[in-house]
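One-letter residues, chain by chain:
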Amino acid sequence: MASPGGRCLGGNMTPDFDLLIIGGGINGCGIARDATGRGLKVCLSEMNDLASATSASSTKLFHGGLRYLEYFEFRLVREALIERENLLRAMPHISWPMRFVLPYHESMRFDMSTPTSKLLSKVMPWMKGRRPAWLIRLGLFMYDHLGGRKILPATSSIALRSAVEGQVLNPKFERAYEYSDCWIEDSRLVALNARDAEQRGAAIRTRSKVVGAEVVDGIWHVELEDAATGVKTTSTAAMVVNAGGPWVGDVLRTTLRSNLQAGVRLVRGSHIVTKRLFDHEKCYFFQGTDGRIIFAIPYETDFTLIGTTDQDHDDASVKPECTPEERDYLINFINDYLAKPIDEGDVVWSYSGVRPLYDDGATSASAATRDYVLKLDTSRGAPSLNVFGGKITTYRCLAESAMNEIEKVLPVAAKSWTAGVPLPGGDFPVDGVDALVAKAKSEFPFLTDRWALRLVRAYGTEVAEALAGARDIKALGQDFGADLYQVEVQWLMDKEFARSAEDVVWRRSKLGLRMSKEQISALEKWMECRLSTQFSAAAE
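Since we're looking at a predicted model, the values are computed, not measured.

Peer 1: Can you walk me through the overall build of the protein in this structure?
Peer 2: When its secondary structure is counted, the protein shows 14 helices and 20 strands. Against the 2.2 N^0.38 benchmark of 24 Å for 540 residues, the protein shows a C-alpha radius of gyration of 24 Å, consistent with a compact globule. For the protein, with 540 residues in total, the buried portion stands at 57%. Of the contacts made within the protein by residues no fewer than 6 positions apart, 71% connect residues no fewer than 24 positions apart.

Next up, the structure:
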């Protein structure tokens, strides 16, 4: 270990850390938490904010991946289905069960590149690429039983003409299937994993870019540059973990200068957010005429989230954005299902992220594997582990698999431990949200129902701490709008690594949907002032 009294590597030198992890997305933070909990000394370096790329731009679901069954990815689906309930128990404040309505019509078609469609085209050529109802029922039966479901309810059928779920749909859809998956606040998941890792002893360095890495006498010497000051420092580590997300290939080739034969395929997924389209809390799973699928999900109380697309993205340095073509594709897709069509004027926000998938040579972005691939490299004289792909649902399993690889080159005494262990604020029952909301309103009478629910969904059992025990609304400090006050921002800065207004209103929350530009600007100025005061005090 790198700690005092631990083993020495490379002659007489003991490195600063056992692991230095590059990348503050969900994979990097998940590995940092797991490794620190097993006694390793860990440093995580993220060049921007936590979850500033892919991990904040998902469809925000813990799901098994129903469509992956068509690709015969049974191991991936089974692992994800099992993991849904592990994660649900560990973070019931930021994850909760949802029901998904899958309308059926006989005209629905396969993606013709899938193994299932190719098989059926041979044995049932008269179907001409259409998805038969019996195949959907078979897939949903497998989805119910592959993962040993215990908490989530099973699949059922819906007669849409007499059900509330059918009121917003085109009348041609007469029946649907309903199944279970889970919602997850993706960027908060990342921040809480980082916070838990820090509480266990990890060094979490945000806005700290890795600009160079050399191996000297069997030890990594990693140069870090502080984004705020430009100051460069060097940390040493026995091993480097490359969890660079969309930049994993760049880190592998340019920073680590590895000759490892592994490629990354960048796939852009875009989403649009509209005003609320339906008056219930269930989601929709829509199948397109091109064989793809999209979701329509209740979002932040007053909105509907629609996505995603699958488009190849050539350059990680180019910020992903939802193109007009992708926006129109999603609008046209969902309009095939809606009784009342939407248009671009209904879109209030859009976002896009790049998935760093392992390049398996698939013919299309949709067909590229979502499974993770870990590549251990010892060719430089000190070990590195490179992380490709993965789903947010299986981030904890990926971290355990990473630890299995790390154990091959570093001594790790402790065994796996994270399954079901609560993240900060998550130490309450899956069905305990209502009780926490009632408790919050009792302790803080100034809270409205919506405000209390938002706080519980963000902080769980730590609501009182996040509000600094304020007895009245004046004690909350400056009002930034949308029920965001000074004491909560201080908590996010002190406990969750927030440094800018964007961090607060788009990643630690989605209050940016409700705040004006002027309010966000005032928040930014206040945070800048607080950081400047803290920096000056530290320099004295």
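Peer 1: Help me understand the packing of helix α2 (residues 74–90) against helix α8 (residues 395–406), please; the structure alone is not making it clear to me.
Peer 2: Interaxial distance between α2 and α8 falls to 9 Å at its minimum, and their mutual angle equals 105°. The pairing of α2 with α8 is recorded here as roughly perpendicular in orientation. Between α2 and α8, the contacting residues are Glu79, Glu83, Asn86 and Leu87 on the first element and Tyr395, Arg396 and Cys397 on the second.

Peer 1: Help me understand unusual backbone geometry, please; the structure alone is not making it clear to me.
Peer 2: Here glycine 307 and threonine 308 are connected by a cis peptide whose omega angle stands at 20°. Considering the arrangement of structural elements, one finds threonine 308 in the loop between β14 (303–307) and β15 (311–312). Although it is not a glycine, alanine 51 sits at a positive phi angle of roughly 55°. Of note, alanine 51 is situated in the loop between β2 (42–45) and β3 (61–62). The class of alanine 51 is buried, set by a relative accessible area of 2%. The backbone of phenylalanine 72 shows a phi angle near 60°, a positive value even though the residue is not glycine. Inspection of the secondary structure assignment puts phenylalanine 72 in the loop between β3 and α2.

Peer 1: It is not clear to me how the pattern of salt bridges should be interpreted in this structure. Could you clarify?
Peer 2: Side-chain pairing between opposite charges can occur once the charged atoms of the two side chains come close. Counted under the stated rule, the structure contains 39 salt bridges. Across the salt bridge formed by arginine 327 and glutamate 344, the nearest N and O atoms sit 3.8 Å from each other. Pair noted here: arginine 327 is in helix α7 (residues 324–335) and glutamate 344 is in the loop between α7 and β16 (347–358), with a separation of 17 residues, a long-range link. In this structure, arginine 396 engages glutamate 400 in a salt bridge whose closest nitrogen and oxygen atoms are separated by 2.7 Å. Of this pair, arginine 396 and glutamate 400 both sit in helix α8, four residues apart, which is roughly one turn of the helix. In this structure arginine 396 comes out as buried when scored by relative accessible area, which is 8%.

Peer 1: In this structure, what is going on with the side chain of arginine 33? I would like to understand it.
Peer 2: Inspection of the secondary structure puts arginine 33 in helix α1 (residues 26–37). Once residues lying within four places of it in the same chain are set aside, the contact partners of arginine 33 are Asn193, Asp196, Ala197, Arg200, Trp417, Thr418, Val421, Pro422 and Leu423.

Peer 1: What is the right way to look at the environment of glycine 460 in this model?
Peer 2: Residue placement: glycine 460 occurs in the loop between α10 (449–459) and α11 (463–466). Distance in space between the C-alpha atoms of glycine 460 and glutamine 167 is 34 Å, their sequence separation being 293 residues. When near neighbours in sequence (up to four residues on either side) are disregarded, glycine 460 contacts His93, Gly425, Phe428, Leu436 and Leu455.

Peer 1: What am I meant to see in the packing of aromatic side chains here?
Peer 2: Each aromatic ring pair is summarised here by two numbers: the centre-to-centre distance and the angle between the ring planes. A full pass over the atoms with the stated rule returns 21 aromatic pairs. Relative to phenylalanine 446, the ring of phenylalanine 444 has its centre 6.0 Å away and its plane inclined at 65°; by these criteria the two rings are edge-to-face. A single burial state applies to phenylalanine 444 and to phenylalanine 446, both of which are buried. Here a set of aromatic residues connected by ring pairs shows up, and it is made of Phe100, Tyr143, Tyr179, Phe285 and Phe295. Its guanidinium or amino end placed over the ring of tryptophan 96, arginine 457 lies 3.9 Å from that ring's centre, counting from NZ or CZ.

Peer 1: Quick question: what am I supposed to make of the nonpolar core here?
Peer 2: One recurring pattern in soluble globular proteins: nonpolar side chains tend to sit buried together. Among the nonpolar cores identified, the biggest contains 54 residues, and Tyr179, Phe286, Ile306 and Ile334 are the most heavily contacted of them. Per-element accounting of this core gives the leading share, six residues, to strand β13 (residues 293–299). With residues near it in sequence (within four places) discarded, isoleucine 334 still touches Leu277, Phe286, Ile294, Ala296, Ile306 and Ile342. Listed in part, the 49 residues of the second largest apolar core include Ile94, Leu152, Val241 and Tyr395.

Peer 1: Teacher, can you tell me more about the layout of surface pockets here?
Peer 2: Over the atoms rolls a probe the size of a water molecule, and its path tells where empty space is left. Quantified by volume, the second largest pocket comes out at close to 810 Å³. Around the second largest pocket, the lining comprises 28 residues; the ones closest to its centre are Trp96, Glu300, Thr301, Leu453 and Arg457. For the lining of the second largest pocket, the elements supplying multiple residues, two or more each, are β4 (95–104), α5 (186–199), β13 and α10. Sort the elements by how many residues they give to the lining of the second largest pocket and α10 lands first, with six residues. Taken together, the residues of the lining of the second largest pocket sort by class into eleven nonpolar, three polar and 14 charged.

Definitions and limits used
- Residues numbered from 1 in each chain as written.
- Predicted model: local features only at pLDDT ≥ 70, side-chain atom pairs only at ≥ 80, totals over all residues.
- Heavy atoms only, no water.
- Helix = DSSP H or I, 4+ residues; strand = E, 2+ residues; numbered from the N terminus.
- Rg over C-alpha atoms; globule rule 2.2 N^0.38 Å.
- Buried < 20%, exposed > 50% of the residue type's maximum accessible area, 1.4 Å probe, protein only.
- Contact = heavy atoms within 4.5 Å.
- Axes fitted to C-alpha atoms, helices over the stretch in contact; angles between N-to-C directions.
- Parallel < 35°, antiparallel > 145°, perpendicular 65-115°, else oblique.
- Salt bridge = Lys/Arg side-chain N within 4 Å of Asp/Glu carboxyl O.
- Phe/Tyr/Trp six-rings, centres within 6.5 Å; stacked < 30°, edge-to-face > 60°.
- Lys NZ or Arg CZ within 6 Å of the ring centre and 35° of its normal.
- Core = buried A, V, L, I, M, F, W, Y, C linked by side-chain atoms within 4.5 Å.
- 1 Å grid on protein atoms, 1.4 Å probe; cavity = no way out; pocket = protein on both sides within 12 Å on 5 of 7 lines; lining within 4 Å.
- Points joined across faces, edges and corners; volume = space filled by probe spheres on them.
- Nonpolar A, V, L, I, M, F, W, Y, C, P; charged D, E, K, R; others polar.

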